[in-house]
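# Examining the three-dimensional arrangement
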Amino acid sequence: MESGSKAPIRAGGTAKRLEGIGEYYFSQKLREIDDLNKQGKNIINLGIGSPDLPPHPDVIKVLQEESAKPNVHAYQSYKGSPVLRQAFAQWYQKYYGVSLNPDTEILPLIGSKEGIMHICMTYLNEGDEALVPNPGYPTYRSAVKLAGGVCVDYELKEENNYFPDLEALEKSDLSRVKLMWVNYPQMPTGQLPTRELFEQLVAFGKKHNILICHDNPYSFILNNHPMSLLSVEGARGVAVELNSLSKSQNMAGWRVGVLCGAKERIDEVLRFKSNMDSGMFLPVQLAAAKALSLGNDWYESINKIYKERRSKVYELLDVLQCSYSGDQAGMFMWAKIPDTYKDGYELSDKVLYDSNVFITPGGIFGSAGNNYIRISLCGSVEKFEEAIRRVKSGIEESLSI
Ligand SMILES: Cc1ncc(COP(=O)(O)O)c(C=O)c1O
């Protein structure tokens, strides 16, 4: 009998739904970077947006104290702890001016990434269409496909402030479109929303009976005016919003996110989600509630650090002769590559192999990102200074060949 990985899988291998779904880009690339590190290369990774700073010490303290208690280790409610739901409601009220019912309009998630999948699985039938931003977070695309849906790209152009061209979309056939994924501050472009854009999106959803799914994990990073799509009048009838503690509270590995919206939407998504997981560790939920109660000084303190880093990234981008807007929010810098490169992949590979620095090629976020790169702000100033030194000497060496 054959054993282990060699065992045949019956009836043609993996499920059809995995067709066209590759391994997540970063999962592959991190393996390559690991291999290079094993060869002694000591790669500086400026790719992935995983905060390198710790959460607030009071948050850690709550986790420690709560997890030492004997009665917190059981399965938890599928709807999350009331303490956490209340904390999300107060956070939305305080920072976004949005009043949400903690019992019915808030669903804590194990990270917002899973929420993207839950939403697609809840609403998309085979062949239903979903509008996805190009460039945009790759998970929208894969979640739509895994759920059996069909992605319809909408291009975000620099000259249009990376806003969707809703007029052009209205001229296309929207009859099969059920969902639209939107995300502002936008990743990867760093584009901030305007109130007018949010109003237009809500009106568009209403007019065409499309559920607008807003993904909002970056609103506190390098942005003094966090905005929620749910603050637009009537939004709850046509939109839901995902949020996350990964970036704004430095808690990416803790896996805490939230879905906010009308009671009906929350109940619908819960029908799917409650079949997928069995709640979140209670001490994590209580510590997350603490994180949500932090004052403005917390956001000021992390943003001060991101600003210092950003000025270093400007320097690095200047060395690479890239062009960029100085008005970006979120934990990345998006920049256009010089014409001397075929695309962002070429620049990324060159910098990786010549200088041992990894920068994300913009093309992984969709074809409209091909002539761009994205640099993460998740590294110390010293790390950026070292990256600048390496890239400068890599360029000098290649010029002298
Ligand atoms: C636009 C966007 N949405 C969602 C996520 C997922 O965040 P979470 O850690 O809450 O799952 C990310 C993470 O990189 C992101 O960039």
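For every chain, the first residue of its written sequence is number 1, and the numbers climb from 1 along that sequence. With the structure being a predicted model, the display of local features is reserved for residues of pLDDT at least 70 and the display and counting of side-chain atom pairs for 80 or more, all residues being used for whole-chain, interface and lining totals. To obtain the side-chain values, all non-hydrogen atoms of the structure were used and water was disregarded.

Before going further, it helps to examine the UniProt feature "domain: Aminotransferase class I/classII large" (unreviewed entry) in the chain. UniProt positions are given in the numbering used here, feature names are shortened, and annotations may be inferred rather than shown by experiment. According to UniProt, the feature "domain: Aminotransferase class I/classII large" (unreviewed entry) maps to residues 42-391 in the numbering used here. Spanning residues 42-391, this segment combines 39% helix with 16% strand, and its end C-alpha atoms are found 14 Å apart. Under the DSSP-based scheme used, a helix requires at least four consecutive residues in state H or I and a strand at least two consecutive residues in state E, with every element numbered from the N terminus.

What fixes the domain bounds is an automatic or database domain assignment. Taken as a whole, the chain is organised into domain 1 (16-54 + 297-400) and domain 2 (71-295). In this structure, domain 1 and domain 2 have C-alpha centres spaced 26 Å apart. Summed over both partners, the accessible area lost on bringing two parts together, with a 1.4 Å probe, is the buried area. Both faces combined, the contact of domain 1 with domain 2 buries some 2,900 Å², and carbon together with sulfur accounts for 59% of it. Salt bridge, as used here, is a side-chain nitrogen of Lys or Arg placed within 4 Å of a carboxyl oxygen of Asp or Glu. If you look at where domain 1 meets domain 2, you find zero salt bridges. Polar contact criterion, stated in full: a pair of N or O atoms within 3.5 Å, where within protein one must be able to donate a hydrogen and the other to accept it, and residues adjacent in sequence count only if both atoms are side-chain atoms. Connecting domain 1 to domain 2 are 17 residue pairs in polar contact (both at pLDDT 80 or more). Of all the secondary structure elements, the ones that give two or more residues to the side of domain 1 that touches domain 2 are helix H10 (296-319), strand S10 (332-336) and strand S13 (372-376). Counting residues per element, the side of domain 1 that touches domain 2 draws most heavily on H10, at eight residues. Any residue that is not Ala, Val, Leu, Ile, Met, Phe, Trp, Tyr, Cys, Pro, Asp, Glu, Lys or Arg is counted as polar, Gly included; the first ten are nonpolar and the last four charged. The residue inventory of the side of domain 1 that touches domain 2, partitioned by class, reads 19 nonpolar, nine polar and seven charged.

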